[in-house]
Amino acid sequence: MNDHPVLSPRELSARLLGLIERKRYAQAGDVLAEALAQYPDDSDLLYGSALLDYLTDRRDTARATLHSVLSRAPDHVAARSLLATLYQDSEELPAAEAMLLDLLKEYPESGHLYARYAMLMYRTMHLDKAQALAHEALRLDSDDELALIACMMGDLIEGRRGAEQERLSVMMSRHPESLSTARMLITHLLHRGKYGAAKRIAIELLKLYPDSREILALVVDLDALSHWSMLPLWPLNRWGWGASVGLWVLTLLVINGVGRVAPDAVAPLSIGLIAYCVYSWIFPSLLKRWLKRRAGI
């Protein structure tokens, strides 16, 4: 007679997910093997298998299992949600968006889904839409951590500061997808010339990884770009060689025009333009060197 009671698929699935939540992956694998031996076609157990594969970096296996689950149970919410995550991780962003939109149509009151969609919009650089979605997520679920992260990222971009931002790096550590989003946002904000916003996000990353010299160097570079003394050079930093060419063309046009109207003003104007060029060549490197020395790198 068997002394061990036969557990149902639901009970085994709950045990499996509990072990996964506590990161006891080896024990979860043992439970999973035993459970699938009894119920090889159970969708919840197969989802648990995909989740375990995903968390242990077997992404291809996880994806194949999820497709198998959805071929049998196309409405399986957890499987669809995890597949959206896999799409996002592999930069298949349109597929991830389509999956999240389908889920939102079915669950329009889910703050967490709105928060996930907001983070995706940050990654696709639709910043205004991302912030609107983040606020809707927080309205629907004020306790959802991902909604708080999405709102705080918007606050950082806009320069709004509050005491709640002190929790940002802690919450980001619990949501790894937010880290890659933060890095992509920094790059995007740099391209748009929003150095202060990029620096604020980089500082939050540094709080999360205080020993990272790479992130510290990034913060120093952004500190230099957003320094008040660099404001006159903003056009050159923002548009690079295009701005330099434009400056020279403008200089020639202005000098020629001034020479015809007020010849005596040509010399002071030329000296000023030369001083600006010298300033643009020498000062940024000096400022960056001083900031690096202050940061100890």
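Residues numbered from 1 in each chain as written. Predicted model: local features only at pLDDT ≥ 70, side-chain atom pairs only at ≥ 80, totals over all residues. Heavy atoms only, no water.

Enquirer: Explain the overall build of the protein chain to me, please; I cannot follow it from the model alone.
Expert: Helix and strand counts for the protein chain stand at 16 helices and zero strands. When the 297 residues of the protein chain are sorted by exposure, 40% land in the buried category. Looking at the protein chain alone, contacts between residues at least 24 apart form 55% of all its contacts between residues at least 6 apart. If you sum the accessible surface of the protein chain, you get close to 16500 Å²; carbon and sulfur atoms cover 59% of it. (Helix = DSSP H or I, 4+ residues; strand = E, 2+ residues; numbered from the N terminus. Buried < 20%, exposed > 50% of the residue type's maximum accessible area, 1.4 Å probe, protein only. Contact = heavy atoms within 4.5 Å. Areas by Shrake-Rupley, 256 points an atom, 1.4 Å probe, with all protein chains shown as cover.)

Enquirer: Help me understand the packing of helix 12 (residues 195-208) against helix 13 (residues 213-225) in this model?
Expert: When two helices pack together, you describe them by how their axes are tilted relative to each other and by the distance separating the axes. The N-to-C vectors of helix 12 and helix 13 enclose an angle of 155°; their axes lie 9 Å apart at closest approach. Taken as axis vectors, helix 12 and helix 13 run roughly antiparallel relative to one another. The crossing of helix 12 and helix 13 is left-handed. From helix 12, Tyr195, Ala198, Lys199, Ala202, Ile203, Leu205 and Leu206 reach across to helix 13, where they touch Ile215, Leu216, Leu218, Val219, Leu222, Asp223 and Leu225. Residue classes in the contact of helix 12 with helix 13 are distributed as 12 nonpolar, no polar and two charged. (Axes fitted to C-alpha atoms, helices over the stretch in contact; angles between N-to-C directions. Parallel < 35°, antiparallel > 145°, perpendicular 65-115°, else oblique. Left-handed = near helix turned anticlockwise from the far one by under 90°. Nonpolar A, V, L, I, M, F, W, Y, C, P; charged D, E, K, R; others polar.)

Enquirer: It is not clear to me how the pattern of salt bridges should be interpreted in this structure. Could you clarify?
Expert: Inspection of every chain in the model, using the stated rule, returns nine salt bridges. With a shortest N-O distance of 2.8 Å, arginine 58 and aspartate 53 are connected by a salt bridge. Sharing partners across several salt bridges, the network here consists of Asp57, Arg59 and Asp89. (Salt bridge = Lys/Arg side-chain N within 4 Å of Asp/Glu carboxyl O.)

Enquirer: What exactly am I supposed to notice about a nonpolar patch on the surface here?
Expert: On the surface, a nonpolar cluster with roughly 240 Å² of combined accessible area is contributed by Val278, Ile282 and Leu286. Inspection of the secondary structure puts isoleucine 282 in helix 16 (residues 266-295). Accessibility expressed as a relative area gives 45% for isoleucine 282, which makes it partly exposed. (Patch = residues over 30% accessible without salt bridge, like charges linked within 9 Å, V, L, I, M, F, W, Y side chains within 5 Å.)

Enquirer: Would you mind going over the environment of glutamate 106 with me for this structure?
Expert: With respect to the helices and strands, the residue glutamate 106 is situated in helix 6 (residues 93-106). Looking at glutamate 106, the relative accessible area reads 40%, which means it is partly exposed. When the C-alpha atoms of glutamate 106 and aspartate 75 are compared, they prove to be 10.0 Å apart, with 31 residues separating the residues in sequence. Within polar-contact distance, the side chain of glutamate 106 engages the side chain of arginine 80 at 2.6 Å. (Polar contact = N/O pair within 3.5 Å; in protein donor to acceptor, adjacent residues only side chain to side chain.)

Enquirer: Got a minute to help me understand the nonpolar core in this structure?
Expert: As a rule of thumb, soluble globular proteins bury nonpolar side chains together. Ranked by size, the top nonpolar core spans 66 residues in total, and within it Leu66, Tyr122, Met153, Ile157, Met172 and Ile201 carry the most contacts. Here the element with the most residues in this core is helix 7 (residues 111-123); it accounts for nine residues. Sequence-distant contacts of isoleucine 157, defined by excluding residues within four places in its chain, comprise Tyr122, Leu127, Leu185, Leu189, Ala197, Arg200 and Ile201. (Core = buried A, V, L, I, M, F, W, Y, C linked by side-chain atoms within 4.5 Å.)

Enquirer: Teacher, can you tell me more about helix 6 here?
Expert: An α-helical turn contains 3.6 residues, so any two residues separated by three or four positions project in the same direction. Here helix 6 spans 20 Å end to end across 14 residues, near enough to the 20 Å set by a 1.5 Å rise per residue. Burial in helix 6 covers these residues: Leu93, Ala96, Met99, Leu100, Leu103 and Leu104. Along the axis of helix 6, the buried residues cluster in a sector spanning 135°; they form a single face. Away from its buried face by more than 90 degrees, helix 6 exposes Pro94 and Lys105. (Expected span 1.5 Å × (residues − 1). Arc of directions from axis to C-beta.)

Enquirer: What should I look at first to understand the packing of helix 5 (residues 77-89) against helix 7 in this one?
Expert: Two numbers describe how helix 5 lies on helix 7: the axes approach to 12 Å, and their chain directions differ by 10°. Relative to helix 7, helix 5 is oriented roughly parallel. Crossing angle aside, the handedness with which helix 5 passes helix 7 is left-handed. On the side of helix 5, the interface is formed by Ser81, Ala84, Thr85 and Gln88, while helix 7 contributes Arg116, Leu120 and Arg123.

Enquirer: Honestly, the side chain of serine 43 in this entry has me stumped. Any pointers?
Expert: Within the element layout of this structure, serine 43 appears in helix 3 (residues 43-55). Look at serine 43 and you get buried, because its relative accessible area is 17%. Setting aside residues up to four positions removed in sequence, serine 43 forms contacts with Val69, Ala73 and His76.

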